[in-house]
Amino acid sequence: MTNTTDATTSHPPRLTRLTFHGPLSETRANALVQRLTRTNPRTVLDIGCGWGELMLRILTAAPEATGVGIDIKAEDLARGRRDAEARGLTQRAEFVEESAVGTSRGPADLVLCVGASQALSSARPPEYTTEALRALRRLVTDDGRVLLGEGFWQRTPTPAELSGMWPGASATDHHDLATLLDLAVDAGFRPEWTETASLDEWEEFESAYQADVEVWLAQHPGHPLAAETRDRLDRHRAQWMSYRGVLGLAYLTLAPAR
Ligand SMILES: C[S@@+](CC[C@H](N)C(=O)[O-])C[C@H]1O[C@@H](n2cnc3c(N)ncnc32)[C@H](O)[C@@H]1O
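Parameters at a glance
- Residues numbered from 1 in each chain as written.
- Predicted model: local features only at pLDDT ≥ 70, side-chain atom pairs only at ≥ 80, totals over all residues.
- Heavy atoms only, no water.
- Salt bridge = Lys/Arg side-chain N within 4 Å of Asp/Glu carboxyl O.
- Helix = DSSP H or I, 4+ residues; strand = E, 2+ residues; numbered from the N terminus.
- Buried < 20%, exposed > 50% of the residue type's maximum accessible area, 1.4 Å probe, protein only.
- Contact = heavy atoms within 4.5 Å.
- Phe/Tyr/Trp six-rings, centres within 6.5 Å; stacked < 30°, edge-to-face > 60°.
- Core = buried A, V, L, I, M, F, W, Y, C linked by side-chain atoms within 4.5 Å.
- Pairing = 2+ DSSP bridges.
- Axes fitted to C-alpha atoms, helices over the stretch in contact; angles between N-to-C directions.
- Near = heavy atom within 4 Å.
- Polar contact = N/O pair within 3.5 Å; in protein donor to acceptor, adjacent residues only side chain to side chain.
- Nonpolar A, V, L, I, M, F, W, Y, C, P; charged D, E, K, R; others polar.

1. A look at the pattern of salt bridges
In this structure the tally under the stated criterion is 16 salt bridges. The partner of Arg35 in a salt bridge is Glu195, and the shortest N-O contact between them spans 3.1 Å. With Arg35 in helix H1 (residues 26-36) and Glu195 in strand E6 (residues 189-196), this pair connects stretches of sequence that are 160 residues apart. Here Arg35 matches Glu195 in class, with each residue buried. Overlapping salt bridges bring together Glu26, Glu53, Arg57 and Arg87 as one network.

Encoded structure:
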């Protein structure tokens, strides 16, 4: 990861202040690791794993388990491999660069899909959630567990809020929480545990997401990449201010129904 900020040829740092690539506190992560290892999983599959922090913590807590994380982002996978090595998990954690759409991997005892359901479907939102849930049912063993981290609307966004979010944002991009749970049940699961990211978790995530680049920009106003970096940061901040308190992230621990 490029972290040098002095040379004019250097690039802004990237995601160095994030532990997880999503709104997830240490407290919730610890609780998830405990709950998801109750069933003694032997195989873990992490869909859209990024650097796989949660998978690595699960493998540490479940010493007989092996894990495979798949993602299309080489840089994040490389961070995952470095983290695995630092924790003595190289023999049990594999990070593979491949798309999860139509994956032939699995079934696994524990399938993680956190903030990455778009990785299981080429459908448009919100249909990809339904397709992802069906795929997750196929990917998990009958006595296994799925952790789905999925976006939902905490309330219906106003047209003004939508126009400030991502390009083309629409009220149909997400479901509400009740509908999301219904879809999980329809796909063949029972919800073992339902929880949602708090505003504190969102604020920590969104701040940590940009913090290293914001500091870099403050210190490098004349850098050749400063203008495009400022545009990107300002655009993202405006989007975040539009979805703050409106977009939620649900963590659903799902048990396959027989
Ligand atoms: C919000 S990040 C979440 C990363 C990780 N699950 C976590 O919670 O830290 C979403 C991830 O999905 C990955 N992704 C997007 N499309 C994908 C695809 N078709 N196959 C595999 N991964 C994909 C992205 O590269 C990104 O790392």
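2. Regarding the environment of Gly144
Structurally, Gly144 is set in strand E5 (residues 140-153). For Gly144, the contacting residues outside a window of four places in its chain are Asp109, Leu254, Ala255 and Pro256.

3. Section: the packing of aromatic side chains
Counting across every chain of the model gives 6 aromatic pairs. When the centroid spacing of 6.1 Å and the interplanar angle of 5° are considered together, the rings of Trp153 and Trp166 count as stacked. Of this pair, Trp153 sits in strand E5 while Trp166 sits in the loop between helix H5 (159-164) and helix H6 (177-186); the two residues are 13 residues apart in sequence, bridging distant segments of the chain. Taking the relative accessible area as the measure of exposure, Trp166 reaches 23% and is therefore partly exposed.

4. What to know about the nonpolar core
Residues Val44, Ile58, Ala93, Phe95, Leu112 and Trp202 are the most contacted members of the largest nonpolar core, which totals 40 residues. In terms of residue count, helix H2 (residues 53-61) provides more of this core than any other element does, 5 residues in total.

5. Regarding the environment of Pro12
As for its position among the elements, Pro12 is in the segment before H1. A relative accessible area of 15% means that Pro12 is categorised as buried. Remark: the alpha-carbon pair of Pro12 and Ser121, spanning 109 residues in sequence, is separated by 32 Å.

6. What about the sheet that holds strand E3 (residues 93-97)?
Pairing in this open sheet of 7 strands is mixed, and the strands run E3-E2-E1-E4-E5-E7-E6 from one edge to the other. The outermost strands of the open sheet, each flanked by one partner alone, are E3 and E6. Recorded for the sheet is a direction-independent mean angle of 15° between the axes of neighbouring strands. Sheet topology note: the strand E2 (residues 66-71)/E3 ladder contains 5 bridges and is parallel. When the sheet's bridge partners are listed, Gly69 is paired in E3 with Phe95.

7. Points about the site of the ligand
Near the ligand lie 15 residues; those nearest to it are Gly48, Asp71, Ser99, Ala100 and Val114. In the model, an oxygen atom of the ligand is placed 3.1 Å from a nitrogen or oxygen of the His21 main chain. For the ligand, a nitrogen atom lies 3.1 Å from a polar atom in the side chain of Ser99. Among the residues making up the shell around the ligand, the classes are represented as 7 nonpolar, 5 polar and 3 charged.

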